[in-house]
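Spelled out, the chains give:
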Amino acid sequence: MPKDLKTKTVEAAPAKPGGKGRKAAGPKAKTAAKPTAKKPVRTKPPAKPACRTGYVALVGRPNTGKSTLLNALIGQKVAIVSDKPQTTRISILGIKTTERGQIVFVDNPGIHRPLHTLNKRMMNFVYSALETSDAVCLLIDATQKFGHGDEFVLETLGRVKTPVFLLINKVDIVRKDKVLPIIDHYKDLFPFREIIPISALKGVNLDILERLILDLLPEAPKLYSDDEISDQSERFLFAEIVREKVLRYVTEELPFATAVYIESIERKEQPDWKKAGETRPVTYIRASIFVERDNHRKIVIGRHGSLVKQIGIEARQEIAEYIGHKVFLDLQVRVRERWRDSEAVLDLIEGQKA
Ligand SMILES: Nc1nc2c(ncn2[C@@H]2O[C@H](COP(=O)(O)OP(=O)(O)OP(=O)(O)O)[C@@H](O)[C@H]2O)c(=O)[nH]1
Ligand SMILES: [Mg+2]
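Conventions and cut-offs
- The residue numbering used here restarts from 1 in each chain and proceeds along that chain's sequence as written.
- Each chain is given a letter, starting from A, and each ligand a number, starting from 1, according to the order in which they appear as written.
- In view of the model being predicted, local features appear only for residues whose pLDDT reaches at least 70, and side-chain atom pairs are presented and counted only at 80 or more, with totals across whole chains, interfaces and linings using the full set of residues.
- We call two strands paired when DSSP finds no fewer than two bridges between them.
- Each helix corresponds to a stretch of at least 4 residues labelled H or I by DSSP, and each strand to a stretch of at least 2 residues labelled E; elements are numbered beginning at the N terminus.
- To define axes, lines are fitted to C-alpha atoms, for helices over the stretch in contact only, and angles between the resulting N-to-C directions are given on a 0 to 180 degree scale.
- We call two residues in contact when their backbone-placed C-beta atoms lie within 7 Å.
- Buried residues are those with 20 or more other C-beta atoms within 10 Å of their own C-beta, exposed residues have 12 or fewer, and partly exposed residues lie in between; C-beta atoms are placed from the backbone.
- Regarding the arc, it is the one traced by the directions from the helix axis to the C-beta atoms.
- Think of it like this: strands point away, you trace from the first strand over the helix to the second, and a clockwise trace means the crossover is right-handed.

Colleague: Give me the sheet that holds strand E9 (residues 279-291): which residues, what numbers.
Modeller: The mixed open sheet is built from three strands, whose spatial order is E8-E9-E10. Either end of the sheet is taken by a strand with one partner, and the two such strands are strand E8 (259-271) and strand E10 (326-335). Between one strand and the next, the sheet's axes are offset by a mean angle of 15°, whatever the strand orientation. Alignment of E8 against E9, held across twelve bridges, turns out to be antiparallel. The residue bridging arginine 267 from the neighbouring strand is threonine 283, located in E9. Running over the sheet, helix H7 (residues 234-249) touches E8, E9 and E10 and is turned about 115° from E8.

Colleague: So, helix H2 (residues 66-74): which residues are in play, and what are the values?
Modeller: Of the residues making up H2, those classed as buried are Lys66, Ser67, Leu69, Leu70, Leu73 and Ile74. Summarising the axial view, the buried residues of H2 lie within an arc of 155°, below the 170-degree limit, and thus occupy one face. In this structure, the buried residues of H2 make contact with strand E2 (52-60), strand E3 (92-98), strand E4 (101-107), strand E5 (135-141), strand E6 (164-169) and helix H6 (206-216). In the segment just after H2, glycine 75 is the residue with positive phi, at about 80°.

Colleague: Mind laying out the pairing of strand E7 (residues 194-197), listing which residues take part and the relevant values?
Modeller: One ladder, built from four bridges, connects E6 with E7; its direction is parallel. Within the sheet, the bridge partner assigned to leucine 167 lies in E7 and is isoleucine 196. Assessed by its sense of winding, the connection that carries the chain from E6 through helix H5 (residues 176-187) to E7 is right-handed.

Colleague: For the environment of glutamine 232, give the residues involved together with the corresponding values.
Modeller: Inspection of the secondary structure puts glutamine 232 in the loop between H6 and H7. Glutamine 232 gets classed as buried once you count the C-beta atoms within 10 Å, which come to 20. Separated by 122 residues in the primary sequence, glutamine 232 and alanine 354 have C-alpha atoms spaced 6.8 Å apart. In this structure, glutamine 232 is in contact with Ile92, Leu237 and Lys353, ignoring residues within four places of it in sequence.

Right under this line is the structure:
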């Protein structure tokens, strides 16, 4: 890969006050303007800065913190997060509207070598995000050693023609002296526009990232209204919330072999027993958790149904908080053999996003 020494690096920690950073204009400013004007001066209103808008793809190996970053940048939970790899399965938009413009972040599945049809579809989301975005943020995990997976990621980026930021994530849990060798290693591997150590979890350097992205986005009108934050439907979000709770409790093969399908969402008005004659909204949700084998089903159900009950409690609470009223959640665990290779099941699950 070409060497490019122009890659710029942002410091891990913000400059200390009084340190080496650029100083604000001091007393000099006082002497700058002499009141000499005799003629009336027509002051033009300052030109409104151009609105900058574009798509920014978040890519990287599974588990590097892309969805955590998306949520931190938007300031609200848009994508689910887990400590299991391959959590995100389809691209999700997070729309950030600021005074300077609109950044449409595209969270993606982690880059990996695909085995099942599900994984091929996941990678297709990554490829199309890379092709259609105005900039790319490649996240790496500062706690992980460079390996074959990272080589594969860099190969995948070979097709990218737009600026690529390298974000060294999770710097909150590595010693500062571990970050510099990572920067040194990566800057010779790809012509990154900038290399920025960040912590998606703690919000470190995200303001700098946002500013640098806006600097390079094209001047264009906004694509979404100011109050829109994502492109996903409520239905898809609810399915994802259930899946996030499943991922919290399952291990080994199961995180990869589980999918969630929302069968129905029904909103009803029910008599409010606190206020005579009035009603209150209640939402009834029926959801299926798909697994591939009967032993998977037994694990997800748990002893006397204890695990599926716990998953249901946590998902119901979060969904109720999101919609702001009472929710009933009916969860069924169903076996769908080899669903990861079934176009029909995959269509069903992806179709929930529309
Ligand atoms: N300490 C620390 N942990 C982080 C940070 N960012 C993410 N994590 C953790 O890393 C794990 C993976 O985070 P995700 O946001 O789901 O990662 P992802 O890249 O979206 O993963 P996939 O969707 O599987 O590709 C979770 O346990 C997060 O809490 C960070 O800045 N610091
Ligand atoms: Mg993710």
